[in-house]
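Single-letter residue listing:
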Protein chains: 2
Amino acid sequence: MNEFLKVNPWLLVEEGFAPERIKSSESLFALGNGVMGGRANFEEKYSGESLQGNYIGGVYYPDKTRVGWWKNGYPEYFAKVLNSAFWIGVDIRINGEELDLAQTEVLDFHREMDMRRSVLTRRMRVRMHNDTEVEIEAVRFISLDRRELGVVRYSVMPLNRDAQVTFAPYIDADVRNTDANYDEKFWEEVRTESDAVQSRTKKSGFEVAWAQAVTLEGAEFQVETRPERVCHTSTVNCRQGEKKTLFKYVGISSSMNHPAEELLATARKVAHEAQETGFDALLERHEAAWAARWHSCDVTIEGDDEAQQGIRFCIFMLLQTYTGVDTRLNIGPKGFTGEKYGGVTYWDTEAYCLSFYMATAGQEVARELLKYRYNQLDKAIENAGKLGFGEGAALYPMVTINGEECHNEWEITFEEIHRNGAIAHAIAEYIRYTGDKAYLAQYGLEVLIAIARFWAQRITWSAARKQYVLLGVTGPNEYENNVNNNWYTSYIACWCLRYAAEAAEWVRRNYPEEYRRIVEKRNFDEAAECGKWSEINAKMYLGEDRELGIFLQQDNYLDKEQMTAEQLDPAERPINQKWSWDRILRSCFIKQADVLQGIYFFQEDFDVETIRRNFHFYEPRTVHESSLSPCVHAILATKIGDMDKAYEMYLRTSRLDLDDYNREVEEGCHVTSMAGSWKSVIEGFGGMSMEDDTLAFTPRLPRAWRALTFRINYRGRILSVKVTHDTVLVENEGSPVTIKLCGETLLLDKQATRSL
Amino acid sequence: MNEFLKVNPWLLVEEGFAPERIKSSESLFALGNGVMGGRANFEEKYSGESLQGNYIGGVYYPDKTRVGWWKNGYPEYFAKVLNSAFWIGVDIRINGEELDLAQTEVLDFHREMDMRRSVLTRRMRVRMHNDTEVEIEAVRFISLDRRELGVVRYSVMPLNRDAQVTFAPYIDADVRNTDANYDEKFWEEVRTESDAVQSRTKKSGFEVAWAQAVTLEGAEFQVETRPERVCHTSTVNCRQGEKKTLFKYVGISSSMNHPAEELLATARKVAHEAQETGFDALLERHEAAWAARWHSCDVTIEGDDEAQQGIRFCIFMLLQTYTGVDTRLNIGPKGFTGEKYGGVTYWDTEAYCLSFYMATAGQEVARELLKYRYNQLDKAIENAGKLGFGEGAALYPMVTINGEECHNEWEITFEEIHRNGAIAHAIAEYIRYTGDKAYLAQYGLEVLIAIARFWAQRITWSAARKQYVLLGVTGPNEYENNVNNNWYTSYIACWCLRYAAEAAEWVRRNYPEEYRRIVEKRNFDEAAECGKWSEINAKMYLGEDRELGIFLQQDNYLDKEQMTAEQLDPAERPINQKWSWDRILRSCFIKQADVLQGIYFFQEDFDVETIRRNFHFYEPRTVHESSLSPCVHAILATKIGDMDKAYEMYLRTSRLDLDDYNREVEEGCHVTSMAGSWKSVIEGFGGMSMEDDTLAFTPRLPRAWRALTFRINYRGRILSVKVTHDTVLVENEGSPVTIKLCGETLLLDKQATRSL
């Protein structure tokens, strides 16, 4: 385990300067406010190894696809959220010598992230080559209260002599992506003025302006500009023990929200208003906004500080990444912590993240996530069309930012079609949790029809088997490709067919006008189409092995040499780094929950014994080399009462990045899987689920914990749940609501408690 | 059909200048002598669209692999035979104006390739902007007699006035590949002297020198050099109607054959000796060498000039591409006609080309082809090792030039492993045809053991089926990937296991010393290993459908929607251009013979009814979008007596490039498939096969033909076979030999004839 970060319930704390850890810490200490964010790069120059990253949600560049061998149907580009201007910069000179931790003697280094308020603080003591010792404190936040504002406070104090200190706060828009298929620069200058820069992304034409307002008591600034860069420089005399503090307020406005011609003025206004408001007042409002966030979603774990810190970090990162204020945004796998996966949307959103945002930020935010896909429906229909499907069938992209497919590996792009199922499933999950069934009439049904149409075309009638089959797919287990009858995909496909038909009937009965609109808009023939869906559903082949009592992950799975992950030499793990792809494909090892993912999604369809048999068969074969895997196993393990396995899986998921299990956190944090960690606490140990349309709790703690407390937003109320080994207590801040507690239905007024 | 080329039994003739056809003609009129060759670029400047190509067999560059998503096991580079110096160049100025057919009025244009002697001639009349009309004749050949020599004769005659004519023969080594993954230049200069250039390939370090000697009666040349380019310029006064003729002799020597420091001298010597010998004498020797070639392999078809031209073109291209003088060389899919596929070796060599070279160039040449793989055995063992196999198992690469794998598409690189079978099969085919069973002891057995070891490891025991299965392969039909139990692959794998065991036993009994050498070198435990192979062979699952009476191409094939190619809208073909890859994968359509390829390889194992049932099932589902497909179908169609289908398939294969069926000949000709065309004539209509160890003929002509005559080299004799609709006549130029004629075994002395 990594011992670098101190265990602390509310803080991430790094002590001591370790250049080899800089990139990892840049990921872990990243800041974000849901619409923009960035890695924890230093404000001052740093010539050591670092990955610069500042990202603006939704501002992307279509990077031309790179492949070895082109296949028809591949997209032309991969849209990626791109590294944008380095707005945090403050170059420092001490008696003329540049401050650069890679070149300077670092005597003391302390970095901390206060997760309660999303404030990043760095304190350090350095000795320059000119023997001047200085103490530095840098504090930074990206305002949750004013979404276009970033703030830096940077103090320097000479310790052993008087010194001339030069502060040079700057904005540098001349930046590149590390991840660029053809080493192109993605930005071009629009204009550079004395305090602001405006740039445009090539091809996609997004424009962004950055403006800074700087304050340093008693100092005058000189302006230095060059294309794509503005810098304000001031040199002050500083007595020994005297602290000089720079305040830097940066407005960041994009053409996603303002006309391009107003961007500079807008950014400037944000910066200058902030300067007038002042650092302390801005921070106070920012903290208040964060306190409100935490109020509805904090989780406390007594008796296990590591677990406590782990889950807080997960929640914190999720809150920093997405807030639901903008339907055009979504949750990239790395959030604002790195370039990898391009900041684009995967099925992670629906399969893992929705529950978290729904139960913390509430119904409106969850609805925004669903509408993101609704807004991209016509693109999904186009996408299916490119692959040869017609008549309004939709295939949602594997990876997207604007609705167009960006992924380019045939076995995933064309075959990992189960993503379509997760998108339908999220609609059902949303409606069950919120009760907002009207969503079907407004938006949901159109999506469900288009998805059902896809499955109806993609499923094949096998004249040989006299059953419907689903050929050539890749399941969640990406360690097998182009398989036939992947159980998970077939199961969710059938469920989609049923659910779409039920939804159509419900809308027809309850919202006849909306129904007519949809029938016309989508050319929907309910009788014929639902008839076909029902026939497919009735005659669908779903593999199982009766002798083992398990569902078959795919045809031929049992033809493989059967081994368990325990039998693997630890030196050969992770197999995705140690084995050839060929060997992985032919092995029985499972990258992430596949059949178990399906059982998790549709728990009510299966009795505990069925879950247990499948769990005991598939769990030992799963190597969890996707960050999205252990959380599902943790939840199912609690269902079957295997608390040790559940706890093992929980540890694996919740501190994945903090402890850098996979030695890759320097690329960014696994943000979407953090929602899975939250699920494993709330749905696993907290035992929260929807039973029919009622919120239910059947909690059970792992041995190591004394108590678990969590808060959720349920239909507009904040519920607090406290679980110990003996009792569960639910408190309600809002109006009474029916829940199920340990199997018993009750009307929850202020509070209820049950023994365990 | 393309009407551009005239139908002529021995000539390719192009009349009229058509810029849009230039690149296609560059491919079709390409020259080669087995060790080097090049496209039919013009000698004089041509600023229109053109693909410059001059290739030296075996001189390659390792171009860094480009992929979208890296997978463990991918090779680091793709070795490609690269475009090398433009040695044919002769710039021409007429009264100071540069001759460039893209800029000049072309009054007459005639190009012809005399396939009998491999001489390319171009005659044309042009009118310059300065109104001077000139007649030009350019003759070029690459000597089959002196393998390092290329010769150009270039004549200019002013027609309507006197003119100053400038001849500027040059060598330009400053060339690039069109196909370069990262737009790199592959060559660097070693030195440039007054008449010669020496260059080195980057990374691979091959060196090549080109030297020219030029003659123009009564003229002096001025030397102009710049790095990587030498040019000799002479301007002569030429009266109206007077022809001035330049002779250009180019020596081309590579470090594959000479020490690098002797290259310039060697190339210069070749050029100067040629200059002394003179054009006519050189041409005579070249023609004699070609006559000898044709003597053992010509095919004549009476009554069908298109078919005649088609098969001559195929044979001609094969003779130009490979002669067997150098074990390090092999047969690239495009020969010396283009860059595509990098001039590297595929399974085409063993599965298609071996028969042709064996039956025309003879045993020694065929043996060279086998030894190419023997020499790369240790690399094939390494290659298998990279994928996780051990204990001396070999996986020959999908694509290679030096034995290392170059291909980088997992579904082919790792899974199209049937290539291993073809390499073993070629050994058996060679031994049957030549009788050279001792080859096993010298080289063959080692290869067979390593291949059998691979299969034994790659085949899986299915505890569920209680049979051995072969999971995750791609068959010859590349329109399905990662399938289970591909019949062709499984069948040839089993055959390899049996054949390797038989070979081991035979070598042990007949060459005990060689056997001991092999046992020790390869750590071979015959009892244990052959025991295992025999067990696998006995319990191997081979799919069949009893009801249909066919072998199953792969598991789940019959689950697909069954259609025939005839049901396809012609506008949707070829499907590899019109359909998404996804749609292709899920369709039942077969790119190229797969089960039928296996039936073709192992014809003796199947009765005619079995062949007929499988043919009638698979043929209609095959779209023949690989050039390697129709020939196999043509041969099997003759076996089952479907002569119309056989003829249709023959036309498709033999004039594929001449008529540019696939609209891609501008990239180069399909050289390896031309061996398939030859097979379809000789093994199909000529009915030639090996029955046990006896050469047999059971010929049958298509209706359109009056007679078919062919010559083959069989065990050192030239046999001539003449087939009409009524009779077959076999003549023998050598010592008596036993053959089977129409089912009857006889000792063939001078000749034999049978009625049909």
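Look up a bit, the structure's there.
Assigned secondary structure in chain A consists of 20 helices and 33 strands. Referenced to the eigenvectors of the C-alpha coordinate spread, the extents of chain A come out at roughly 85 × 55 × 55 Å. Buried positions account for 65% of the 756 residues belonging to chain A. Contacts in chain A between residues at least 24 apart in sequence constitute 68% of all its contacts with a sequence separation of at least 6.

Further remarks concern the relation of the copies chain B and chain A. When chain B is fitted to chain A, the residual RMSD is 0.1 Å, and the transformation amounts to a turn of 180° plus an axial shift of 0.0 Å. The operation mapping one copy onto its partner corresponds to a two-fold rotation axis. Closest to the rotation axis within chain B is the C-alpha of B:Val67, separated from it by 2.3 Å. Here 100% of the interface residues in chain B have copies in chain A that are interface residues too; the copies meet face to matching face.

Another point: the pattern of salt bridges. Under the defined criterion, the tally for this structure stands at 128 salt bridges over all chains. Residues B:Glu228 and B:Lys185 are paired through a salt bridge, measuring 2.9 Å at the closest nitrogen-oxygen approach. Of this pair, B:Glu228 sits in the loop between β18 (222-226) and β19 (229-238) while B:Lys185 is found in the loop between β14 (163-172) and β15 (187-192), placing the two residues 43 residues apart along the sequence. Take B:Glu228 and B:Lys185: they sit in the same class, and that class is buried. Between B:Arg612 and B:Glu609 there is a salt bridge, with its nearest N and O atoms 2.4 Å apart. In this pair, B:Arg612 and B:Glu609 both sit in helix α17 (residues 608-618), 3 residues apart, roughly one turn of the helix. Among the residues examined, B:Arg612 registers a relative accessible area of 25% and is labelled partly exposed. Within this structure, A:Asp378, A:Glu446, A:Glu514, A:Arg517, A:Lys521 and A:Arg522 form a network of salt bridges that share partners.

All names here are of chain B. Within the open sheet, the 4 strands sit side by side as β26-β27-β31-β32. Their pairing is mixed. The open sheet is flanked by β26 (688-691) and β32 (744-748), the only strands paired with a single partner. The sheet shows a mean angle of 35° between the axes of neighbouring strands, taken without regard to direction. As defined by bridge partners, β26 adjoins strand β27 (residues 694-697) across 4 bridges and the pair is classed as antiparallel. The residue of β27 that forms the bridge with Met688 is Phe697.

It is worth spelling out the interface of chain B and chain A at this point. Listed by partner, the interface residues are 47 residues for chain B and 47 residues for chain A. Where chain B abuts chain A, roughly 3800 Å² becomes buried across the two surfaces, and 49% of that area is made up of carbon and sulfur atoms. The largest contributions to the chain B side of the interface with chain A come from B:Trp69, B:Asp559 and B:Arg586, which together make up 18% of the buried area. At the junction of chain B and chain A, the tally comes to 8 salt bridges. The closest approach of N and O atoms between A:Arg465 and B:Asp559, which form a salt bridge, is 2.9 Å. Where chain B meets chain A, there are 30 residue pairs in polar contact (both at pLDDT 80 or more). When contributions to the side of chain B that touches chain A are tallied by element, the ones reaching two or more residues are α8 (410-413), β22 (460-462), α14 (575-578) and α15 (581-586) of chain B. The element that contributes the greatest number of residues to the side of chain B that touches chain A is α15(B), accounting for 5 residues. When the residues that make up the side of chain B that touches chain A are grouped by side-chain class, the tally is 15 nonpolar, 15 polar and 17 charged.

On to the sheet that holds strand β18 (residues 222-226) of chain A, then. Residues and elements named next belong to chain A. Reading across the sheet, the 5 strands line up as β9-β8-β14-β19-β18 and stay open at both edges, with antiparallel pairing between neighbours. Sheet topology places β9 (97-98) and β18 at the edges, where each strand pairs with a single neighbour. With 8 bridges connecting them, strand β14 (residues 163-172) and strand β19 (residues 229-238) associate as antiparallel partners. Residue pairing for β19: Phe167 is matched across the bridge by Ser234.

In this section: the pairing of strand β17 (residues 207-216) of chain B. All names here are of chain B. Burial analysis of β17 places 9 of its 10 residues in the buried class, which makes it a mostly covered element. Judged from the 5 bridges that link them, strand β16 (residues 196-201) and β17 form a sheet pairing that is antiparallel. By the bridge assignment, Ala196 is partnered in β17 with Ala211. Linkage of β16 to β17, two consecutive antiparallel strands, is achieved through a turn of 5 residues, within which Lys203 is found at a positive phi near 65°. Two elements, β17 and strand β20 (residues 244-254), share 9 bridges in a ladder whose sense is antiparallel. Bridge assignment links Trp210 to a residue of β20, and that residue is Ile252.

Remark: the centre distance and the inter-plane angle together describe each pair of aromatic rings, the angle taken between the planes. For the coordinates displayed, the defined rule picks out 99 aromatic pairs over all chains. A centroid spacing of 4.8 Å and a plane angle of 55° characterise the contact between A:Phe389 and A:Phe454, whose relative ring orientation is tilted. In this pair, A:Phe389 sits in the loop between α7 (377-386) and α8 (410-413) while A:Phe454 sits in helix α10 (residues 438-458), placing the two residues 65 residues apart along the sequence. Neither residue differs from the other here; A:Phe389 and A:Phe454 are each classed as buried. Aromatic pair B:Tyr439 and B:Tyr443: ring centres 5.5 Å apart, planes at 50°, arrangement tilted. With B:Tyr439 and B:Tyr443 both in helix α10 (residues 438-458) and 4 residues apart, the pair spans about one turn of that helix. For the pair formed by B:Tyr439 and B:Tyr443, the shared burial category is buried. Aromatic ring contacts, followed pair by pair, group A:Trp487, A:Tyr488, A:Tyr491, A:Trp495, A:Tyr499, A:Phe551, A:Tyr600, A:Phe601, A:Phe602 and A:Phe606 into a single cluster. Above the ring of A:Trp579, the side-chain terminus of A:Arg583 is found at 4.1 Å from the ring centroid. Taking the ring centre of B:Tyr170 as reference, the NZ or CZ of B:Arg229 above it sits at 4.1 Å.

With that out of the way, let us pick up the pairing of β14(B). All names here are of chain B. Among the 10 residues that make up β14, 9 are buried, leaving the element largely enclosed by the rest of the structure. Of the pairings in the sheet, the one linking strand β8 (residues 90-94) to β14 comprises 5 bridges and is antiparallel in character. Paired with Arg93 across the bridge in β14 is Thr166.

Further remarks concern the packing of α17(B) against helix α18 (residues 630-639) of chain B. Residue and element names in this part refer to chain B. Following both chains from N to C, one finds α17 and α18 inclined at 135°, their axes separated by 10 Å at the closest point. The angle between α17 and α18 places the two elements in the oblique class. In this structure, α17 crosses over α18, and the sense of that crossing is left-handed. Mapping the contact onto sequence places Val608, Ile611 and Phe615 in α17 and His633, Leu636, Ala637 and Lys639 in α18. Across the contact of α17 with α18, the residue classes tally to 5 nonpolar, 1 polar and 1 charged.

Moving on, we get to helix α17 (residues 608-618) of chain A. For an α-helix, 3.6 residues make a turn, and residues three or four places apart therefore share a direction. Residue and element names in this part refer to chain A. For α17, the set of buried residues is Thr610, Ile611, Asn614, Phe615, Phe617 and Tyr618. Take α17 and look down its axis: the buried residues cluster within an arc of 165°, on one side only. Where α17 is buried, its residues meet β25 (550-551), α16 (595-601), α18 (630-639) and α19 (643-654).

Residue and element names in this part refer to chain A. Here Leu354 shows up in helix α5 (residues 348-360). Residue classification places Leu354 among the buried residues on the basis of a relative accessible area of 1%. For the pair formed by Leu354 and Leu370, sequence separation is 16 residues and the distance between their alpha carbons is 8.6 Å. Sequence-distant contacts of Leu354, that is, excluding residues within four places in its chain, are made with Thr349, Ala366, Leu369, Leu370, Ala426, Glu429 and Tyr430.

This part is about unusual backbone geometry. Peptide bonds are trans in most cases, and residues, glycine excluded, mostly fall at negative phi. Residues and elements named next belong to chain A. Cis peptide bonds are those with omega within 30 degrees of zero, and the linkage from Arg573 to Pro574 qualifies with -5°. Topologically, Pro574 is positioned in the loop between β25 and α14 (575-578). With a phi close to 50°, Asp660 is a non-glycine residue in the positive phi region. With respect to the secondary-structure elements, Asp660 resides in the loop between α19 and α20 (671-685). A relative accessible area of 7% means that Asp660 is categorised as buried.

So, how was this worked out
Residues numbered from 1 in each chain as written. Chains lettered and ligands numbered in written order. Predicted model: local features only at pLDDT ≥ 70, side-chain atom pairs only at ≥ 80, totals over all residues. Heavy atoms only, no water. Helix = DSSP H or I, 4+ residues; strand = E, 2+ residues; numbered from the N terminus. Buried < 20%, exposed > 50% of the residue type's maximum accessible area, 1.4 Å probe, protein only. Contact = heavy atoms within 4.5 Å. Least-squares fit on C-alpha atoms with pLDDT ≥ 70 in both. Salt bridge = Lys/Arg side-chain N within 4 Å of Asp/Glu carboxyl O. Pairing = 2+ DSSP bridges. Axes fitted to C-alpha atoms, helices over the stretch in contact; angles between N-to-C directions. Buried area = accessible area lost by both parts, 1.4 Å probe. Polar contact = N/O pair within 3.5 Å; in protein donor to acceptor, adjacent residues only side chain to side chain. Nonpolar A, V, L, I, M, F, W, Y, C, P; charged D, E, K, R; others polar. Phe/Tyr/Trp six-rings, centres within 6.5 Å; stacked < 30°, edge-to-face > 60°. Lys NZ or Arg CZ within 6 Å of the ring centre and 35° of its normal. Parallel < 35°, antiparallel > 145°, perpendicular 65-115°, else oblique. Left-handed = near helix turned anticlockwise from the far one by under 90°. Arc of directions from axis to C-beta.

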